[in-house]
Amino acid sequence: MQRPSERDDTAVSHPILHHYPESPYAEKIRTLLGYKDLAWHSVIVPRIAPKPDLVALTGGYRKVPVLQLGADLYCDTRLIAQEIERLAPAPAATTVSPGWNDVVEHWVDVNLFGQAVAYTLGAIVDHLDDAFLADRAALRGAPLDRAALKASVPLAAQNLAAQIAWIERGLAGGPGFVNGVRPGSGDFTLYSTLWFARNGRFDFSPFPATQAWMERMRAFGHGQRGDMSADEAITLAQQAKPAALPPPTSDTPDPSGLVLGRTVSVRPELLGHGTTVTGILAHLNTQRVTLALDTDRAGRVHVHFPRLGYRLQQA
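Residues numbered from 1 in each chain as written. Predicted model: local features only at pLDDT ≥ 70, side-chain atom pairs only at ≥ 80, totals over all residues. Heavy atoms only, no water.

### Some details on the overall build of the chain
Right, on to step 1. The helix and strand tally for the chain stands at 11 helices and 10 strands.
Right, on to step 2. Against the globule reference of 20 Å for 315 residues, the chain gives a C-alpha radius of gyration of 20 Å, in line with a compact fold.
Right, on to step 3. Taken across its 315 residues, the chain has 50% of its residues classed as buried.
Right, on to step 4. Accessible area for the chain stands at about 14500 Å²; split by element, carbon and sulfur atoms hold 55% of it.
Right, on to step 5. Taken as two groups, the 30 positive and 31 negative side-chain charges of the chain have centres that lie 3 Å from each other. (Helix = DSSP H or I, 4+ residues; strand = E, 2+ residues; numbered from the N terminus. Rg over C-alpha atoms; globule rule 2.2 N^0.38 Å. Buried < 20%, exposed > 50% of the residue type's maximum accessible area, 1.4 Å probe, protein only. Areas by Shrake-Rupley, 256 points an atom, 1.4 Å probe, with all protein chains shown as cover. Lys, Arg positive; Asp, Glu negative; His and termini not counted. Charge placed at Lys NZ, Arg CZ, Asp CG, Glu CD.)

### Here we look at the side chain of Thr290
Right, on to step 1. Within the secondary structure, Thr290 is located in strand β8 (residues 288-295).
Right, on to step 2. Aside from chain neighbours lying at most four places away, what touches Thr290 is Leu245, Ile280, Leu281, Ala282, His283, His302, Val303 and His304. (Contact = heavy atoms within 4.5 Å.)

### Notes on empty space enclosed by the protein
Empty space among the atoms becomes apparent when a probe as large as a water molecule is rolled across them.
Right, on to step 1. Applying the stated criterion across every chain, the model contains 1 cavity of 30 Å³ or more.
Right, on to step 2. Within this model, the largest cavity holds a volume of roughly 50 Å³.
Right, on to step 3. For the lining of the largest cavity, the secondary structure elements donating two or more residues are α2 (24-36), α5 (101-124) and α9 (185-199). (1 Å grid on protein atoms, 1.4 Å probe; cavity = no way out; pocket = protein on both sides within 12 Å on 5 of 7 lines; lining within 4 Å. Points joined across faces, edges and corners; volume = space filled by probe spheres on them.)

### Concerning the sheet that holds strand β5 (residues 224-227)
Right, on to step 1. In spatial order, the strands read β5-β2-β1-β3-β4-β9-β8-β7-β6-β10; together these 10 strands make up an open sheet with mixed pairing. At either margin of the open sheet sits one strand with a lone partner, and together these are β5 and β10 (310-314). The mean inter-strand angle of the sheet, taken between neighbouring strand axes irrespective of direction, is 35°.
Right, on to step 2. Pairing between strand β2 (residues 39-44) and β5: 4 bridges, direction parallel. Residue pairing in the sheet places Trp40 in a bridge with Arg225 of β5.
Right, on to step 3. Packing against the sheet, helix α4 (residues 77-87) makes contact with β3 (66-69), β4 (72-75), β8 and β9 (299-306), and its axis sits at approximately 35° to β3. (Pairing = 2+ DSSP bridges. Axes fitted to C-alpha atoms, helices over the stretch in contact; angles between N-to-C directions.)

### Some words on the packing of α2 against α9
Right, on to step 1. Relative to each other, α2 and α9 sit at 130°, their axes nearing to 8 Å. Relative to α9, α2 is oriented oblique. Helix-helix and strand crossings are classified by hand; for α2 and α9 the assignment is right-handed. Taking contact as the criterion, the partners of Pro24, Glu27, Lys28, Arg30, Thr31, Leu32 and Tyr35 in α2 are, on α9, Phe188, Thr189, Tyr191, Ser192, Trp195 and Phe196. (Parallel < 35°, antiparallel > 145°, perpendicular 65-115°, else oblique. Left-handed = near helix turned anticlockwise from the far one by under 90°.)

### Digging into the pairing of strand β7 (residues 277-284)
Right, on to step 1. Here strand β6 (residues 263-268) pairs with β7 via 4 bridges, running antiparallel. Bridge pairing in β7 links Val266 to Val277.
Right, on to step 2. For β7 and β8, the ladder comprises 4 bridges, and the chain directions are antiparallel. In the strand pairing of β8, His283 is matched with Thr290.

### So, the pairing of β3
Right, on to step 1. The two faces of β3 match: Val66 and Gln68 on one face and Leu67 and Leu69 on the other face are all buried.
Right, on to step 2. Of the strand pairs in this sheet, strand β1 (residues 16-19) and β3 are connected by 3 bridges, and their pairing is antiparallel. The residue of β3 that forms the bridge with His18 is Val66.
Right, on to step 3. As paired strands, β3 and β4 are joined by 4 bridges and run antiparallel to one another. Bridge pairing in β4 places Leu69 opposite Asp72.
Right, on to step 4. Here β3 folds back onto β4, and the loop between the two strands holds 2 residues, one of which, Gly70, carries a positive phi near 65°.

This is how it looks when you write it as structure tokens:
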């Protein structure tokens, strides 16, 4: 394998996705990579902690997926999708205006996904071991009870059916996608959520337009995937350099009061227990935050987070 020393090497420009097969968040990005028909490297991460190879790169962030480009690590699917769009702007996956793409994406993230999780976990809980439930309880900061998960299934199924009916009406006779004539971020976010519900054997038969749309999304595949070991990915990061960061976009002080060069911590606001990353604040604007870390195994890396949904504070 070619070992990169510069940002534009082929091995760096091919995304590396740290993920595991059952993750609905990862399915969103895998399907987006398929839509873009991108070549990418797959690094499989354990479903539960410990995840020593992943946190060796991220400085503590253990959720998936994480997108790696050389010595740059991108966390959260919204930010990952933006980076993929930058790498491969055609075919576009941006909003067709006017439309409901952004509204659908936000609604799925804050509402529908929780219903899909409640339904699917309750439906498959007998096939989940205690270690998995303990791991997810640790992320939540609250226990997960098998009986309670099972009891939540009927209401979750009812709520899913009621809300998927909205999608059904929108898709029936429409241009083909939530975003219009081509898929957008709302399509990929919605698809991964319904993909997860389908894995819990949710009955989609009353929703033929939604089923047809899911098949259109599934047909994009997962792009040109090649497997890579975690050690190879860490070596690539160690031999690469983080990309140059853009200059500040405003002279106005950030509302947080934080300034570049300070030691800060970042963690998700939801399911963020045990995922805090501490490093030097290298870039900050209204959309994203970047920390510079000097790691034991990967050397100097930049770890990028979206601003929305993440808590930034001085360490």
